[in-house]
Structure formats: structure tokens, C-alpha cells
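Each chain, letter by letter, is given below.
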Amino acid sequence: MEQQLKQLEQEALEKLQAATSLKELNEVRVAYLGKKGPITDLLKGMGKLSPEERPKMGALVNTVREYVTAELEKKAAVLEEQAIQEQLEKESVDVTLPGRKIKTGNRHPLTRVIEEIEDLFVSMGYEIAEGPEVEKDYYNFEALNLPKGHPARDMQDTFYITEETLLRTHTSPVQARTMELKKGEPIRIICPGKVFRRDNDDATHSHQFMQIEGLVIGENIHMSDLKGTLDALAKKMFGEEREIRLRPSFFPFTEPSVEVDVSCHKCGGSGCNVCKHTGWIEILGAGMVHPNVLEMAGYDSKKVSGFAFGIGAERIAMLKYGVDDIRHFYTNDNRFLSQFHRTEG
Ligand code: FA5
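Residues numbered from 1 in each chain as written. Predicted model: local features only at pLDDT ≥ 70, side-chain atom pairs only at ≥ 80, totals over all residues. Heavy atoms only, no water.

Where we set the bar: UniProt positions are given in the numbering used here, feature names are shortened, and annotations may be inferred rather than shown by experiment.
Going by what an unreviewed UniProt entry lists, the protein chain is known as Phenylalanine--tRNA ligase alpha subunit and is assigned to Lysinibacillus composti. UniProt's Sequence similarities (unreviewed entry) comment on the protein chain is quoted here verbatim: "Belongs to the class-II aminoacyl-tRNA synthetase family. Phe-tRNA synthetase alpha subunit type 1 subfamily." Under the Subunit (unreviewed entry) heading, UniProt states for the protein chain: "Tetramer of two alpha and two beta subunits."

In C-alpha cells form, the structure reads like this:
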């Protein structure tokens, strides 16, 4: 029996040394130490031995079992270490390889211009207002002193949904809506938004573009307040050395009305191809709110006054970034848009 044990031990050791995986090693363990294995069989057969032989053989079987178990554990540790090494090699990363560039987006140049203008006006105490793009004829025209049949409507033809509903042609209807809402209270708002016109697309015109409306209503609001505000806008958008010029103009909802020019950023006012040799570039329309518009919205035009302006956002962005065609803002061409990565601030 002792001889048999030694042989089993030898066999088990050889097989476990030959195992090349944890699976194989487990098979060896089950084969030699499992419930149906030869060592357990030997233990079961101890009953047939004489009482003197039994403790001696019991101790021997246990020694063999403990030894084989210890060797199995040692081998398992070796195999586990090997498996980890193999896994690490398989998953190893070559840190010297050049990284893959992650393409990040950036804000659209128009969004940037609008946010910059919003920041300026918010810092001057303005609130940001909103209005619908699908607008009532009443707010787009009538409440702005443009009754049906008024010739100035022709300059702003648009897409009609019904007789009374249209795609707004400017952000000015938000003036009328806000006045109606504030019911005689002072107002200081700006409203950026999308507008639509039946204009043929060319380098400086689009059938859809962005405007930023401004409206201030209160006591003692004068033309000088409008001028000072627009001066601050021109300096913020184009630099401290820029100046503005107000030219008489006509809008049915303001009286007096003006077109506002900014001194040319390229030539500084001496005349060049950008400013068509005038030294000035037009950026917006503005004026003092017409008394009829105030009265229609429930304000007492004898007690309060106000100014309003409407900026073409694309016009500002084109001048600021030297863009030569308004259509670049809408074609989503990455060659154009990616140029604004560098100037993102
Ligand atoms: C208006 O839309 C007036 N609502 C502005 C206003 C507001 C005046 C408040 C007085 C008081 P105008 O049609 O001029 O005005 O348009 C204002 C600006 O929008 C223009 O200076 C120009 O920059 C821009 N704009 C006008 N038409 C187009 C177009 N088709 N494509 C791109 N920009 C345009």
C-alpha cells in the first residue's frame, strides 16, 4: 500500500507539472484528490488494515495528500501569474504611438456674435426677450404703425401661412408684444431671433437671417441715450477706436428714424473697398419709438418715450470676421466653420 501511495504521488506530481493551464491543473486535482480519486479510495480501504497499521497508513496518506495539495497550489500560482502576463501582453498599449485627434465642435460665428451682444446689453441692465417666428400680421405690421395696404409693407414681403399669419419679417413685433405684456411699465429688452423675407439670396442678402431687436421705454429717454448705447455696441464689437454716424431714414414705427453706420475698421475712415470708399459701413436701423406705437400698446406717449433698434446679426459677423458672403453662415461647410476654432474666446 505504501508503494502504491508513493507511485500515486509520483504520478500526480508529474501530471501537475505537465499541466499548461488552470483547467488542466484542476483536472489533475479532481483525478487524484477528488472524491472518486485513488487517494480517497485508499483512505476508504483503511478499514481492512490491522489496528496497528491504520494510524501509520493514515498519517502517510495525509502527508501525501497535503504534499500533492501544496504542489497543486504552487503550480496554480505559477499558472495564474502566467495567465495574467499573457493577458497584459495581449492588452498592452504602445504609449509611443501618436494619439488620435478628437474633433471638437465650436460655437457658430453667428451664435458668438449674438452672445457677445447679449452679454453687453445684459451688463447694461437689459433683459432678453423672445417672440414667435410664425407671427400674427397684427404684431409684425399693424401694431407697428403699418396698417394693411401701407406701402412700406412692400419692402418686407414674406411667406404667409394664412391671411393673418406669416413668418415674421423682423424682430420688431417683439416690441409690440413686450409693450402689451408690460402694461405701461418701463422696458429695457433685447431680442435676438430668426426672421424671413422674400429677398433674393446674394452675397449680402438671405431669405432667412438673424436680427437683434432692442427696445427701451421709460421717462426722459432721448435720442442721445440711443446714440450712447449704439456707440457702446460699436466699440464692443469692432474696437474702442470705432465711431458711429446716424443718418436720417424712415421706419413707420420710429420717429425720427436713423440708419446707423460705423467707421470702417479696415481703413479707419479714409475710404477703401470694404466701405465702398465712404469710410462708413451700415450696421442697423433705429429710432425713437413712434407715439402711435406707444399708444396702441397702452402707453401714454406724453409721459414716456423710448428708442428701438434692429441689428442685422450677419452684417455684424461679416464685418467682424471679414466674411465676404452671407451664404457661408448657412451652408454648414466645415472648411468655413473650422476657421473659427482659432479665434474662439
Ligand atoms: C428693420 O428690419 C427694422 N425692423 C429695424 C428697426 C428696428 C428700425 C427698430 C427701427 C427700430 P431693415 O429692414 O433695415 O430694418 O433691417 C435691419 C437690418 O437687417 C439691416 O440693417 C441688415 O443688416 C439686415 N437685413 C435686412 N435684410 C436682410 C437680408 N435679406 N439678409 C440679411 N440681412 C438683412
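Observations regarding the site of the ligand
Threshold: Nearness of a residue to a molecule or strand requires only that one of the residue's heavy atoms be within 4 Å of it. Labels follow the DSSP assignment, with helices taken as runs of H or I lasting at least four residues and strands as runs of E lasting at least two, numbered in each case from the N terminus. Charged means Asp, Glu, Lys or Arg here, nonpolar means Ala, Val, Leu, Ile, Met, Phe, Trp, Tyr, Cys or Pro, and polar covers whatever is left, Gly included.
Of all residues adjacent to the ligand, which total 26 residues, the nearest are His170, Ser172, Arg197, Asp199 and Ser206. Of all elements in the fold, only strand E5 (208-218), strand E8 (280-289) and strand E9 (305-312) reach the threshold of two or more residues within the shell around the ligand. In terms of residue count, the dominant contributor to the shell around the ligand is E8 (5 residues). Residue composition of the shell around the ligand, by class: 9 nonpolar, 12 polar and 5 charged.

Examining the sheet that holds strand E1 (residues 127-128)
What holds strands together in a sheet is hydrogen bonding between their backbones, with the strands either parallel or antiparallel. Put simply, the rule reads: Two strands qualify as a pair provided DSSP detects at least 2 bridges between them.
Across the sheet, 7 strands lie side by side as E1-E4-E5-E9-E8-E7-E6; this open sheet has mixed pairing. Looking at strand neighbours, the two that pair on one side only are E1 and strand E6 (244-251), the edges of this open sheet. Bridge analysis of strand E4 (residues 187-196) against E5 gives 10 bridges, and the strand direction is antiparallel. Bridging from a neighbouring strand, Lys194 pairs with Met210 of E5.

Quick word on the pairing of E4
For clarity, the cut-off: For every residue, the accessible area obtained with a 1.4 Å probe (protein chains only) is divided by the maximum for its type, and the residue is called buried under 20%, exposed over 50%, and partly exposed between those limits.
In terms of burial, E4 is largely enclosed, as 8 of its 10 residues are buried. Strand direction decides the pairing type here: E1 and E4, joined by 2 bridges, are parallel. Residue pairing across strands places Glu127 opposite Ile189, the latter belonging to E4.

Points about unusual backbone geometry
Along the chain, Glu255 connects to Pro256 via a cis peptide bond; the corresponding omega equals -5°. Along the polypeptide, Pro256 turns up in strand E7 (residues 254-263). For Lys276, which is not glycine, the phi torsion reads 50° and is therefore positive. Within the secondary structure, Lys276 sits in the loop between E7 and E8. Given the relative accessible area of 69%, Lys276 is considered exposed. Positioned with a positive phi, His277 is a non-glycine residue whose angle comes to about 60°. Among the secondary structure elements, His277 is positioned in the loop between E7 and E8. By relative accessible area, His277 is classed as exposed at 61%.

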